[in-house]
Amino acid sequence: ILLSALSPPPKVQATHPDCSVVLYFQEQEAECLEIIRSESQTPGPPRQQGCLTEWDGVSCWSTLPIGQSRAVACPDILHVFKKSKVLIWRNCTESGWSFPSPPYYNACELEAIGSNNDTEAKASYFVTMKVLYTCGYSTSLAALFLAIGIFSCFRKLHCTRNSIHIHFFTSFILRGAAVFIKDAVLFSDESVDHCTMSTVNCKAAIAFFQYSVLANFYWLLVEGMYLQTLLLLTFTSDKRYIWWYILIGWGVPMLTVCVWVVTRLQYDNNGCWDDYTSLYWWVIKAPILLAIFVNFLIFLNVTRMLAQKIRSPDISKNYKQQYMRLTKSTLLLIPLFGVHYVVFALFPEHIGVDARLYFELVLGSYQGFLVALLYCFLNGEVQAEIKRNWGKWQSSMESNVFNLATQDFTA
C-alpha cells in the first residue's frame with residue numbers, strides 16, 4: 001500500500017527517479033521472497049514458536065522468536081524519504097508481527113506527494129514536451145534527408161569531407177528514429193507501467209537508442225579529428241583515413257553497446273534497461289564523456305592552429321578564407337554538443353530532471369536541423385553548386401521551349 005503511494009500514476013512515470021524507486025522496492029521484495037522460500041524449503045528440527053520472515057511492502061523483517069523486537073532503518077531514498085537513519089520497530093507477539101512503530105510516514109517523513117492538480121499539471125507538461133520534441137525531430141529529419149540528398153546528387157560535392165558529413169547526418173537520423181521507436185515501444189500503451197516492463201522489444205529499443213546517441217557523439221569526434229588532420233597535413237590525401245573514421249564513428253559505439261548489453265544480461269537484467277541510476281550506466285556514460293573531453297582538446301588545438309595560420313604571412317588570403325570556412329561549423333558544434341551533458345554528469349540523476357529533459361529532448365531535437373544548416377544549407381560550396389545546376393536547368397528549359405516554339409512556327 002505504501003509503495004503505491006510512493007509512485008506516481010503510469011502516465012507521468014517518464015522520469016527515472018520514479019522508475020528507480022519502483023525497481024528498488026521490486027528488488028528488495030524479490031530478495032525477501034527468496035529468503036522466505038529458502039526458509040520454507042530448508043529441512044531441520046521443529047522451529048520454536050515465533051514470527052516468520054515477512055515483506056511489509058517497504059522492508060523485509062527476518063524471523064524472530066515471540067517476545068523479541070527487531071528494528072530496521074528507513075529506506076535510503078533521498079528523493080522519497082527525508083530521513084534514512086531513523087529506526088522503525090516491530091514486536092513479535094503470539095498473534096504475529098505488530099504494526100511498525102513509529103509508522104513509516106511519520107518516522108521517515110515522506111516527501112510531499114502532489115495532489116491531483118499537480119499530477120495533471122505534470123502530465124500536461126510531459127504532453128507539451130513530447131509535442132515540442134516531436135516537432136523538433138521531425139524538422140531535423142526532413143532537413144537531414146534533404147542535406148544527404150544534396151551531397152549525394154551533385155557529383156562535385158563528392159569528397160571525404162562531405163562523406164563524413166553524410167555519416168554525421170545519418171547518426172542524427174538514427175537518433176531521431178530511436179526516440180520515436182522508444183516512445184512507441186515504452187509509452188504507446190498507457191495501461192502498461194514502463195517502469196516494470198521487461199520485454200525483449202523494449203530492451204532492444206533502449207539498446208538501439210543508446211547506440212544512436214553514442215554514434216552521434218563519436219561522429220562529432222570524427223568531425224573534429226578530420227578538421228585537425230586537415231590543418232596538420234595540408235598536402236596529404238585524406239581518403240586513406242576514411243575507413244579509420246568509419247571504424248571510430250560506427251565501430252566504437254557498436255562495441256560499447258555490445259559490452260553494455262552483455263553486462264546488463266549478466267548482472268542487471270531488470271526492467272527495460274532504461275534506469276540511469278544503475279552503476280552499469282557508466283559503460284555508456286564514460287565513453288560519451290571521453291568523446292566530449294577529446295573533442296574539447298581538439299577544439300583548443302584547432303583554435304590554436306587556426307590562429308597561427310591566419311597570422312602567418314606565407315598563407316594566401318584564399319587559403320585563410322578556406323581555413324575559416326572549414327573550421328567555423330565544427331568549432332561551433334564542439335562546445336554546443338555535450339556541454340550540458342558534462343554539467344548534468346556531475347549531479348545525481350534525480351537532480352534537475354526537468355532541466356535535463358528540456359536540454360536532452362527539446363533543444364536536442366533541433367540539433368540535427370542546426371547541423372544540416374551549418375554543414376549544408378549555409379555552405380558556400382553547396383550554394384554555388386545549386387545555383388550552377390539551377391542555371392543549367394533554366395537554360396535547358398528555355399532551350400526546350402524555344403525549340404518547341406520553333407517547331408510549331410515552322411510546321
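Residues numbered from 1 in each chain as written. Predicted model: local features only at pLDDT ≥ 70, side-chain atom pairs only at ≥ 80, totals over all residues. Heavy atoms only, no water.

A. Local environment of the environment of L132. Structurally, the position occupied by L132 is in helix 4 (residues 116-153). In the structure, L132 is positioned 229 residues away from L361 in sequence and 8.5 Å away in space, judged by C-alpha atoms. (Helix = DSSP H or I, 4+ residues; strand = E, 2+ residues; numbered from the N terminus.)

B. Examining the UniProt feature "transmembrane region" (unreviewed entry) in the protein chain more closely. This chain's UniProt record puts "transmembrane region" (unreviewed entry) on residues 131-154, 166-187, 217-235, 242-262, 282-302, 330-351 and 357-378. Secondary structure content for residues 131-154 is 96% helix and 0% strand, while the C-alpha to C-alpha distance between its ends is 35 Å. Segment residues 242-262 splits into 100% helix and 0% strand. End C-alpha atoms: 30 Å apart. (UniProt positions renumbered as here; feature names shortened; annotations may be inferred.)

C. Examining the packing of aromatic side chains more closely. One pass over the full model with this rule turns up 13 aromatic pairs. Ring centres 6.2 Å apart and planes at 75° place the aromatic pair Y137 and F180 in the edge-to-face group. Remark: F180 occurs in helix 5 (residues 160-187) and Y137 occurs in helix 4; sequence separation between them is 43 residues. Ring centres of F151 and F169 lie 5.9 Å apart, and the angle between their planes is 20°; this geometry places the pair in the stacked category. Taken together, the residues span a long stretch of sequence, with F151 in helix 4 and F169 in helix 5 at a distance of 18 residues. Pair check on accessibility: F151 and F169 agree, each one buried. (Phe/Tyr/Trp six-rings, centres within 6.5 Å; stacked < 30°, edge-to-face > 60°. Buried < 20%, exposed > 50% of the residue type's maximum accessible area, 1.4 Å probe, protein only.)

D. Structural view of the pattern of salt bridges. The full count for this structure, using the stated rule, is six salt bridges. In this structure, the salt-bridge partner of E54 is R90, at a minimum N-O distance of 3.0 Å. With a gap of 36 residues between them, E54 in strand 2 (residues 54-55) and R90 in strand 6 (residues 87-93) connect regions that are remote in the sequence. Looking at E54, the relative accessible area reads 28%, which means it is partly exposed. (Salt bridge = Lys/Arg side-chain N within 4 Å of Asp/Glu carboxyl O.)

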